[in-house]
Amino acid sequence: MSTTYVVITVLAAVMSGFSAGSIFFNAPWVVQPMIDYRVPRGWWTWLGIAKAAGAIGLLVGLAIPLIGVLAAIGLILYFTGAAITVARARWYSHIAFPLVYMAPAAASLILGLTS
C-alpha cells in the first residue's frame, strides 16, 4: 500500500464526509442548489447517508481492500448521478462541483486496483 494511495483515499473520505455533513446540517451552499436542481427533500437524508457510508467505506478499505474498492465505486456512481442531475437541471456551470468530489474517489479506486 503506497503513501499516495493512503493520502488520496483519506482525502476522498474527508471530502465525501464533509459533503455528507453539509447535507445533514443543511448548509445553505448545499441546500439551495439541491432545491434549484429539484432534488426531492425526502431524498436528502438518504443522499447524505450514501456519501457518509462511502467515506467510511474508503477508510475501512485501508484495512479491507475490497470494501474500499466497493466504496470508491459507489461514490463514483453517486457523483456521476449528481453531475447528471445538475446537467438535467441545466445548471451547466455547476457540473464541476460533483466532479471535484468524484476525482479523489476515482483516483483512490485506480490506485487501490493497481497497487
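You'll find the structure just up there.
Just so it is clear, the model here is predicted, and its values are computed rather than measured.

Caption draft 1: Spotlight on the packing of helix H3 (residues 44-60) against helix H4 (residues 65-88). As a packed pair, H3 and H4 sit with axes 7 Å apart at the nearest point and diverge in direction by 150 degrees. Judged on the interaxial angle alone, H4 and H3 are roughly antiparallel. In terms of crossing hand, the pair formed by H3 and H4 is left-handed. Contacts between H3 and H4 involve Leu47, Ala50, Lys51, Gly54, Ala55, Gly57, Leu58 and Val60 from the first element and Ile67, Gly68, Ala71, Ala72, Leu75, Tyr78 and Phe79 from the second. Across the contact of H3 with H4, the residue classes tally to eleven nonpolar, three polar and one charged.

Caption draft 2: Geometry of the side chain of histidine 94. Along the chain, the position of histidine 94 falls in the loop between H4 and helix H5 (96-114). A distance of 2.6 Å separates a polar atom in the side chain of histidine 94 from a polar atom in the side chain of tyrosine 37. In contact with histidine 94, not counting residues within four places along its chain, are Tyr37 and Val86.

Thresholds, definitions, all that
- Along each chain, the written sequence defines residue order, and numbers are assigned to residues from 1.
- The model is predicted, so local features are restricted to residues of pLDDT at least 70 and side-chain atom pairs to those at 80 or more, both for listing and for counting; the totals for chains, interfaces and linings are taken over all residues.
- Hydrogens and water are ignored here; the side-chain numbers use all heavy atoms of the structure.
- Between N-to-C directions, angles cover 0 to 180 degrees, with each direction set by a line fitted to C-alpha atoms, over the stretch in contact for helices.
- Counting from the N terminus, the helices are DSSP H or I runs at least four residues long and the strands are E runs at least two residues long.
- We call two directions roughly parallel when the angle between them is under 35 degrees, roughly antiparallel when it is over 145, roughly perpendicular when it lies between 65 and 115, and oblique otherwise.
- Should the near helix be turned anticlockwise from the far one by less than a right angle, the crossing is left-handed, and should it be turned clockwise, the crossing is right-handed.
- Contact definition: two residues touch when any of their heavy atoms are within 4.5 Å.
- Classes in brief: Ala, Val, Leu, Ile, Met, Phe, Trp, Tyr, Cys and Pro nonpolar; Asp, Glu, Lys and Arg charged; the others, Gly included, polar.
- By the criterion applied in these results, polar contacts are pairs of N or O atoms within 3.5 Å in which, for protein atoms, one can donate a hydrogen and the other can accept it, and in which residues neighboring in sequence qualify only through two side-chain atoms.

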